[in-house]
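Understanding the architecture of this molecule
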Amino acid sequence: MTLDVLEKSTSLSFDLTEDQSMIRDTVRDFANRHIAPGVIERDTNKKFPHDIIKMLADQGLLGIYHDEKYGGAGFDTVSFCLALEEIARWDASLALTVASHTSLGSGHIALAGNDAQKKKYLTPLAQGEKLGAWCLTEPGSGSDSSDMKTIAVKEGNEWVINGAKTFITQATVGNTYVVLAKTDSNKGTKGISAFIVEREMEGVKPGEPMHKLGMNSSDTAEVILENVRVPEENLLGELGRGFIDTMKVLDGGRIGIGALSVGIARGALEESMKYAKQRKQFGHSIGDFQAIEHKMVNMAVEIDAARLLVHRAAWLKDQGRPYTKEASMAKLFASELSERAALDAIQIHGGYGYTKEYHVERFLRDSKLMTIGEGTSEIQRLILAREIKNELGYNS
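Remember, it's a predicted structure, so these values are computed and weren't measured experimentally.

What follows covers the UniProt feature "domain: Acyl-CoA oxidase/dehydrogenase middle" (unreviewed entry) in the chain. Sequence positions flagged by UniProt for "domain: Acyl-CoA oxidase/dehydrogenase middle" (unreviewed entry) are, in local numbering, residues 134–228. Segment residues 134–228 splits into 0% helix and 47% strand. End C-alpha atoms: 16 Å apart.

Structure representation (structure tokens):
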């Protein structure tokens, strides 16, 4: 193939589509008008924003990439990432609510549910009439999510579930849970199944909201399941395939965490530029000092790189192509960037950056979860080591 032919056959483009640009601009305007004004107060008082969630639902943002047949808006994953970035630029707690509801709670039902389950459960979730929660992590199992103690036993035409889940986002405000449980303790990961559990079912007991370092207006709590009887038709996906589907759900969730992390980092940069322009020292704006310029330049370059990694993973997902490696790369780089950017933003703000009067101290507290949730940075490096070794023939 000649170079001319190769150039003509290449369709690589970094331009957003008309729909993607519309989503970005619409959510940015919404965030500036409705999210930014009360974000410090919500964080301080640990107040879940029911009113804003309702407005986001009315705009179709709680089911943005789900099938229109089941109440979704039918956009792509790149659009979802753009929306998350715009929300997280001001309020990472709110972005986490949207991400976990869409990617995890309703995302697992969209992935593995049958038509009847999607009509009954996905539709109200996608339309924002109900909130979803994904119950995977347990008090004794974090990174090793397969080592769960929650069990489900078949009794007649019901499954009886017993166990405890922790660090569950939307635990106390959610209505529809996806619960992972062991259905055959002798089969390891192939003995784990998923179930749709309604909060109103007898034996479902959400705990008190947790006191956390950050993400204060996101709802996080334990969920206790005591002899919860679930009808057999609420088995989500195939029996014993819950863990396999969980790995797919996590791949998609990591793209969302990457986009959320980009939003935090962008907020850190934009707040730093605003402050550096206004703050005067030695007769000049501190933004004119080379040391400050370099910090902001580094932030800007890394934010662009992180966004490209996130959008690449999202595009691959939309194309139906493998994206495990790309999702882990995006999540790893963007999450660690959000911490670095927030730290530099505080340094630029000096003493004021250490106070709650400015946004940047919240960015730092919120960013820490990005390197933990949906698989820690250490787990991402393990995944990437495996993927890269396989790709390069290391194990052959």
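The contact between helix α5 (residues 77–88) and helix α6 (residues 92–112) brings their axes to 7 Å, and the two run at 155°. Regarding the angle of α5 to α6, the classification is roughly antiparallel. Only Ala92, Leu94, Ala95, Val98, Ala99, Thr102 and Ser103 of α6 make contact with α5, whose side of the interface consists of Phe80, Leu84, Ile87 and Ala88. Along the lines of polarity and charge, the residues of the contact of α5 with α6 split into 9 nonpolar, 2 polar and no charged.

By the secondary structure assignment, Glu68 is in the loop between α4 (50–58) and α5. A relative accessible area of 61% means that Glu68 is categorised as exposed. For the pair formed by Glu68 and Ser143, sequence separation is 75 residues and the distance between their alpha carbons is 34 Å. Setting aside chain neighbours within four positions, we find Glu68 in contact with Ala73 and Gly74.

The next thing to look at is the nonpolar core. Core analysis: the largest hydrophobic core is formed by 68 residues, its most contacted members being Ile35, Leu56, Ile87, Ile255, Leu260 and Ile348. Secondary structure elements with two or more residues in this core: α2 (18–35), α4, α5, α6, α8 (242–278), α9 (290–318), α10 (324–349) and α11 (360–370). At 11 residues, α8 tops the list of elements feeding residues into this core. Two domains share this core, each providing at least three of its residues, namely domain 1 (18–131) and domain 3 (243–392).

By domain assignment, the chain separates into domain 1 (18–131), domain 2 (133–238) and domain 3 (243–392). Spacing between the C-alpha centres of domain 1 and domain 3 amounts to 20 Å. The interface is formed by 25 residues belonging to domain 1 together with 34 residues belonging to domain 3. The contact between domain 1 and domain 3 buries some 2500 Å² in all, and 62% of this surface belongs to carbon and sulfur atoms. At the boundary of domain 1 with domain 3, the tally comes to 6 salt bridges. Asp43 is paired through a salt bridge with Arg365; the nearest N and O atoms lie 2.8 Å apart. Linking domain 1 with domain 3 are 9 residue pairs in polar contact (both at pLDDT 80 or more), by the criterion used here. Put simply, the parts of the chain that give the side of domain 1 that touches domain 3 at least two residues each are α3 (39–45), α5 and α6. Here the side of domain 1 that touches domain 3 gets 9 residues from one element, more than from any other, and that element is α5. Broken down by class, the residue content of the side of domain 1 that touches domain 3 amounts to 16 nonpolar, 3 polar and 6 charged.

Moving on, we come to α10. In this model α10 runs 38 Å from its N-terminal to its C-terminal C-alpha over 26 residues, within 8% of the 38 Å that 1.5 Å per residue would give. Where α10 terminates, the next one or two residues include Gly350, which has phi positive at roughly 65°.

According to UniProt, the positions carrying the feature "domain: Acyl-CoA dehydrogenase/oxidase C-terminal" (unreviewed entry) are residues 240–388. In residues 240–388, helix accounts for 77% and strand for 3%; the two terminal C-alpha atoms are 28 Å from one another.

The subject of this paragraph is the packing of α10 against helix α12 (residues 377–391). Two elements in contact, α10 and α12, have axes whose closest approach is 9 Å; the angle formed by their N-to-C orientations is 145°. Along this stretch, α10 crosses α12, giving a crossing that reads as left-handed. Where α10 abuts α12, its residues Thr324, Lys325, Ser328, Met329, Lys331, Leu332, Ser335 and Glu336 lie against Ser377, Gln380, Arg381, Ile383, Leu384, Arg386, Glu387, Ile388 and Glu391. Its residues assigned to classes, the contact of α10 with α12 comprises 5 nonpolar, 5 polar and 7 charged.

We now examine the pairing of strand β3 (residues 158–169). Sheet topology note: the strand β2 (residues 151–155)/β3 ladder contains 5 bridges and is antiparallel. Paired with Ile151 across the bridge in β3 is Asn162. The turn joining β2 and β3, which pair antiparallel and follow one another in sequence, is formed by 2 residues; a positive phi near 65° is taken by Gly156. Relative to strand β7 (residues 220–231), β3 is paired through 9 bridges, and the arrangement is antiparallel. Paired with Thr169 across the two strands is Thr220, which belongs to β7.

What counts, and where the lines are drawn
Residues numbered from 1 in each chain as written. Predicted model: local features only at pLDDT ≥ 70, side-chain atom pairs only at ≥ 80, totals over all residues. Heavy atoms only, no water. UniProt positions renumbered as here; feature names shortened; annotations may be inferred. Helix = DSSP H or I, 4+ residues; strand = E, 2+ residues; numbered from the N terminus. Axes fitted to C-alpha atoms, helices over the stretch in contact; angles between N-to-C directions. Parallel < 35°, antiparallel > 145°, perpendicular 65-115°, else oblique. Contact = heavy atoms within 4.5 Å. Nonpolar A, V, L, I, M, F, W, Y, C, P; charged D, E, K, R; others polar. Buried < 20%, exposed > 50% of the residue type's maximum accessible area, 1.4 Å probe, protein only. Core = buried A, V, L, I, M, F, W, Y, C linked by side-chain atoms within 4.5 Å. Domains from an automatic or database assignment. Buried area = accessible area lost by both parts, 1.4 Å probe. Salt bridge = Lys/Arg side-chain N within 4 Å of Asp/Glu carboxyl O. Polar contact = N/O pair within 3.5 Å; in protein donor to acceptor, adjacent residues only side chain to side chain. Expected span 1.5 Å × (residues − 1). Left-handed = near helix turned anticlockwise from the far one by under 90°. Pairing = 2+ DSSP bridges.

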